[in-house]
Amino acid sequence: MRLSIVIPFHKGTHFLKDCLDSLQDQTMQDFEIILVKDYVEEEVATLLSSYDKTLNIKEVNLENQTGVSSARNLGVSMACGDFLYFMDSDDYLKEDALEEICKKNSKAEVVYGKTLYTWFNRFVYTESDNATVSDQEYTKRSLRDLVLNRMHPREISILNLCINRKWFIEEKIKFQEDLKYYSDITVLAEILQHAEKIEYCETAEYVKRLHNDEILYPSLSRGRFEDREDQLILTYERLSQCKIDTRILDAFQVKLAQYCRMTLVKLLRKDKGSKWSQSQYFRFHKYAKTVNPNIKKQLTRQERKTLEALCQDEYKACRKKINRMLAITKLGKMIQSRRFFYRTINHYIFTKFSQKNNWIVFESFLGKQYSDSCRYIYEELQKTKGNQYRYIWIINDKNIEIPGNVTRVKRFSLKYFYYMTRAKYWVNNMRQPVWFEKRDSQVMLETWHGTPLKKLVFDMEDVTSASPTYKKTVFTQSRAWDYLIADNPFSYEVFQSCFLYEKEKILKLGYPRNDILYLKNNDTEISKLKEKIGIPKDKKVLLYAPTWRDDEYYDKGEYKFQLKLDLPKLKEAIGDEYVVLLRTHYFIADSIDTTGIEDFAINVSKYPDIADLYLVSDICMTDYSSVFFDYANLKRPILFFTYDLEKYRDVLRGFYIDIEKEVPGPLLFTNEEVIQAIKGIDQVEEEYKEKYEAFYERFCCWDDGYAAKRVVKAVFEK
Ligand code: C2G
């Protein structure tokens, strides 16, 4: 047999499936797989049995030990192939990776391939053009350079190495079992020391999957584990005991110094005087003392200063130096960034002020609008509680009108920090900044901004948007929510799984933002609104409100949008009867050009509250936006312009419901289909009558015009 592939497995059956699928699809099949199960709690038997006919898998359980090093040693001891090949259960290979690496022959003790990094699963990776995060240009260098130059010890790995098994065993190379995170380093150092010939095979591509879920599936190399620092020092000690090229040890010393500067000092400062920080001080003190002057020359000034601090003979003196050093860095940052300056003032001054129990801060769509449930909760409070509270709205645009006695502040201004810190209540329809620490005495009411069609946070396997650390961030943010509003029984269930949120804290009260769809759904109110928006009285209204695409962005919160609706064609077909209101999502940075057809297409993207737009429109057309859940309260026709359905559903997001079967209107893929649906809207209504009713029962059952009242009672009259 050519290859023995050793795969340690602990958690994540969905990862393992991709890994094994990629092995099943290899062009070279002369290999065995040794799957070492390390205290697996998931049910994997079904998955494994699906490869009975295609893969030669030897399963073995770790019995008395745990950890990746033990698993690999056990795997090696069971291997029969000429060559050893290590894989992680969350990674996968390009189809010809094994064939390519085996082609490179033979006289070399070790052949190593190219590693590509991605956030995505195998399907998305293959389908998408830009799923590779990086292919580490230094993979082209020698393995030794690779070890010496890698940015971080965690990136040094024995993955994608094809190693002569006999040689490996004769040299007695083993993974050190008490090294939990960095055992690859000592093994590689020994390989480099003993191997006479090492070859590189650029065409053998290994895809290393970065984890975007540090909460449920933390990766060994990136998760924040308590004993990370102990392990780094232990690895360093072991490395110094191995007979290896001293350049590797030197390189490791540099990495350690960088680590001390970037991470350790911050932890030491945060964890004032605790046992943990004292013991870390002793460990790193010992290391810092051994760093020789030649190494120090390679360090930055800051890194050298860090080592100097750690060299202090007393813990107190070390802390003093660290604090001074970090204070100076902070000062520099404060000068550079206004927001950081305000945050610091907030931390040292505003948090010392008392809490104002009758202050409430409202924010809707990141301070861009006076809208959504926050608005209607505010109006209900104004009406029923009046001056009992002080109301503060975070609003960026001076021209947006807010009725009533209200204090307006700009998002991230100094006043913003002041009010956010002093107010007892926060009412927000999106996530608050992750770095804004809520005081224990504060209460946050998260209204959320829609019934989810698209999968959210922990229900998503991959994150394709601009923030790959989304899951961890949302987890931290949602821990601060004291209440979360659900609009229907469906959202009540989904919010528990997608936010890993306690059901006791979910308010099953319906959306305050939908109250007006019941209270103002009459001719007088509608014609007042039409006048305000500038809609001709003799025209029917088509509202087009699409959502954003996760993978099309300029930056976080700034997404691209290309209008696929052919406006001139639409005008020609329905312009006599209709006007169209164009409403882009609040994340969209691009604006829609309506030049030449202003009498037909009105851009209402800046209009504060979409609920008014629902009221004035006769048909709502969206794609995958949650707008249709709300619009259904009006029982008016809904169309879905889903020209990129497959990509959106299968690659970008995934949906909670079957869009092809369960939504209350037709899916339309071309402009021609859109035109036909609008022209035959009566037939569409007839055709979808039953589905619409079922949909209404399921998703609109808690909305009745009085949700704001119920929410105020639940939160403010407690
Ligand atoms: N919205 C809007 N205009 C659009 C699209 C959306 O004003 N063209 C508003 C609606 O109030 C909608 C909300 O933004 O309900 C959320 O928009 P979605 O398109 O559903 O997208 P997203 O912000 O990703 O929220 O649970 C809901 C999900 O989180 C979706």
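Residues numbered from 1 in each chain as written. Predicted model: local features only at pLDDT ≥ 70, side-chain atom pairs only at ≥ 80, totals over all residues. Heavy atoms only, no water.

**Side note on the environment of N514**
For step 1, the next point in the chain: Inspection of the secondary structure puts N514 in the loop between β16 (506-508) and α20 (516-519).
For step 2, the next point in the chain: Here the alpha-carbon distance between N514 and A611, two residues 97 residues apart in the chain, equals 7.3 Å.
For step 3, the next point in the chain: Excluding anything up to four places from it in sequence, N514 contacts D487, D630, N633 and D703. (Helix = DSSP H or I, 4+ residues; strand = E, 2+ residues; numbered from the N terminus. Contact = heavy atoms within 4.5 Å.)

**Considerations on the nonpolar core**
For step 1, the next point in the chain: Grouped together as the largest cluster of nonpolar side chains are 108 residues, with contacts concentrated most on F362, I377, F499 and F716.
For step 2, the next point in the chain: Of the residues forming this core, the biggest block, six residues, is contributed by helix α23 (residues 610-616).
For step 3, the next point in the chain: Among the domains, domain 3 (347-512) and domain 4 (516-699) are the pair contributing at least three residues each to this core.
For step 4, the next point in the chain: C19, L84, Y181 and L249 belong to the second largest nonpolar core, which has 95 residues in total. (Core = buried A, V, L, I, M, F, W, Y, C linked by side-chain atoms within 4.5 Å. Buried < 20%, exposed > 50% of the residue type's maximum accessible area, 1.4 Å probe, protein only. Domains from an automatic or database assignment.)

**Let's talk about the domain arrangement of the chain**
For step 1, the next point in the chain: Under the domain assignment used here, the chain contains domain 1 (3-224), domain 2 (246-336), domain 3 (347-512) and domain 4 (516-699).
For step 2, the next point in the chain: Using only C-alpha atoms to locate each centre, domain 1 and domain 3 end up separated by 44 Å.
For step 3, the next point in the chain: Taken together, the contacts link 11 residues of domain 1 with 10 residues of domain 3.
For step 4, the next point in the chain: In total, domain 1 and domain 3 occlude about 1,100 Å² of area from one another, counting both sides; carbon and sulfur atoms represent 60% of this.
For step 5, the next point in the chain: There are zero salt bridges connecting domain 1 and domain 3.
For step 6, the next point in the chain: Taken together, domain 1 and domain 3 are joined by zero residue pairs in polar contact (both at pLDDT 80 or more).
For step 7, the next point in the chain: Grouping the constituent residues of the side of domain 1 that touches domain 3 by class yields five nonpolar, three polar and three charged. (Buried area = accessible area lost by both parts, 1.4 Å probe. Salt bridge = Lys/Arg side-chain N within 4 Å of Asp/Glu carboxyl O. Polar contact = N/O pair within 3.5 Å; in protein donor to acceptor, adjacent residues only side chain to side chain. Nonpolar A, V, L, I, M, F, W, Y, C, P; charged D, E, K, R; others polar.)

**Focus: the sheet that holds strand β22 (residues 619-622)**
For step 1, the next point in the chain: Spatially, β21-β20-β17-β22-β23-β24 is the arrangement adopted by the six strands of the open sheet, whose pairing is parallel. Of all strands in the sheet, those with a lone pairing partner are β21 (601-603) and β24 (667-668), marking the two edges. (Pairing = 2+ DSSP bridges.)

**With respect to unusual backbone geometry**
For step 1, the next point in the chain: One non-glycine residue, K172, lies in positive phi territory at about 60°.
For step 2, the next point in the chain: With respect to the helices and strands, the residue K172 is situated in the loop between α7 (165-170) and α8 (183-194).
For step 3, the next point in the chain: Of note in the backbone geometry, F412 takes a positive phi value of approximately 70° without being a glycine.
For step 4, the next point in the chain: Here F412 is to be found in the loop between β12 (407-409) and α17 (414-422).

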